[in-house]
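Observations on the model geometry
If you want the building blocks of each chain, they are given just below.
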Amino acid sequence: MTTTTPRTTALRATALLATAVLALTACGSGDPSETAGATGPAAAHATIPTTDVVSGVTKDPAAAKLLPAEVRRRGTLALAASVGTPPGATYLPDGTTLAGQDIDFADAVGKALGLRIHREVASFEAILPALGSGKYDVGTGNFGVTDERRRTLDFVTYINDGQGFAARKDSPLKKVTSLRQLCGLTVATGAGTTFEATLEQNRHLCTEAGKEPYDVKTFAEQGALWISLQQGRSDVVMSTINGLRYAVNQQPGLKFLNEFKRLDVGFAFKKGTPLAPAFRAAVNHLKKDGTYDRILKKWGTGPSAIKTSQISPPELK
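Below: a short report on this structure. No experiment lies behind these values; they were computed from the predicted model shown.

Three or more residues of helix H5 (residues 124–133) are buried, namely Phe124, Ile127, Leu128, Ala130 and Leu131. Taken down its axis, H5 places every buried residue within 165 degrees of arc, on the same side. Facing away from the buried side of H5 by more than 90 degrees, the exposed set consists of Pro129 and Ser133. Looking at the buried side of H5, the elements it contacts are strand S4 (76–81), strand S8 (138–140), helix H6 (147–150), strand S9 (153–168) and strand S13 (254–270). After H5 finishes, the residue Gly134 shows a positive phi value of roughly 90 degrees.

Shown next as structure tokens:
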């Protein structure tokens, strides 16, 4: 179930724009029986998989037993989802149906726990504060597990992704191993993300090296971010490894530079949530019954597999 609000409608339009940006310059196509794309003239080239890998998931009584009694009684969870571009979460051409790795994992966990997921679309930067206030039970949005976030939130991990870079093919950048390589450049990234925090915290590296600091441009809309890069208003994009690989595969004229730092990614919760043990058990149940691997195969993110789900593990160094 997706709750629609005026803000949700605006976010939906933004997400469709982002998907369209990828589709308009897409360079491949998939099996039409298993993929869907953005609307418009490029629809035949977009490759958003729609294979059903969730409906066969059955309830895991052992995991469900770990839920708080009150949650078991009501049988529902309020989930906030950040929607941007594949493979994380996006809209199908109907402008209503959500698809993505985050969507599949949340739906599969809900089935494993015997719960109905009431999903509401929210902006990435709004979800974590809303969890702390109790507005939502859980949030999804490719949230990286960092030590700073663990101070105020809990996480249950389900994949490993992280930070990476992409640029236009004419860029002299080949691999970014130090943020000093970005000095004097304009870096585009998402607002309220770990990427923005990493860039802001390390801007001093350039001045200490006697170089011009890099300029950070943040975007709430992924479509605008990629347009900025394509039009030369930004020199490089810092985003999720999986998201960058997907986008570069869909857009000619761009190149994936490298993985900069790996991070565990998890469902996000209010600090001290009693839901974490049940979610961890559900994710591990999905690994055992094969659903976990099917989701990763569907979205082409096999390298993001984790061995076992954890509750708020330390940040990967």
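Moving on, we get to the environment of Asn284. Mapped onto the fold, Asn284 is located in helix H11 (residues 276–289). When near neighbours in sequence (up to four residues on either side) are disregarded, Asn284 contacts Thr308 and Ser309.

A word on the state of the cysteines. With the rule as written, the count across this model stands at 1 disulfide. Shown here is the disulfide that connects Cys183 with Cys206, its sulfur atoms set 2.1 Å apart. Note on the Cys183 and Cys206 pair: the S-S dihedral is about -95 degrees, so by sign convention the disulfide is left-handed. Of this pair, Cys183 sits in the loop between S9 and strand S10 (186–190) while Cys206 sits in helix H8 (residues 204–208), and the two are 23 residues apart along the sequence. Of the residues examined, Cys183 reaches a relative accessible area of 16% and is grouped as buried.

Before going further, it helps to spend a moment on unusual backbone geometry. Note that the residue after Pro86, namely Pro87, is joined by a cis bond; omega there is 5 degrees. Along the polypeptide, Pro87 turns up in the loop between S4 and strand S5 (90–91). Located in the positive-phi region is Asn142, a residue other than glycine, with phi close to 55 degrees. Phi at Ser312 takes a positive value of approximately 45 degrees, unusual for a residue other than glycine. One can find Ser312 in the segment after helix H12 (291–299).

Counting across every chain of the model gives 7 aromatic pairs. For the ring pair Tyr158 and Phe267, a centre distance of 4.6 Å and an interplane angle of 40 degrees mean the geometry is tilted. In this pair, Tyr158 is assigned in strand S9 and Phe267 in strand S13, connecting sequence segments 109 residues apart. Cluster of aromatic residues (ring-pair linked, three or more members): Phe105, Tyr158, Phe267, Phe269, Phe279 and Tyr292. Seen from the ring of Tyr292, Lys287 lies directly overhead, with NZ or CZ sitting 4.0 Å from the centre.

Scoring rules and cut-offs
- Residues numbered from 1 in each chain as written.
- Predicted model: local features only at pLDDT ≥ 70, side-chain atom pairs only at ≥ 80, totals over all residues.
- Heavy atoms only, no water.
- Buried < 20%, exposed > 50% of the residue type's maximum accessible area, 1.4 Å probe, protein only.
- Helix = DSSP H or I, 4+ residues; strand = E, 2+ residues; numbered from the N terminus.
- Arc of directions from axis to C-beta.
- Contact = heavy atoms within 4.5 Å.
- Disulfide = S-S within 2.5 Å.
- Phe/Tyr/Trp six-rings, centres within 6.5 Å; stacked < 30°, edge-to-face > 60°.
- Lys NZ or Arg CZ within 6 Å of the ring centre and 35° of its normal.

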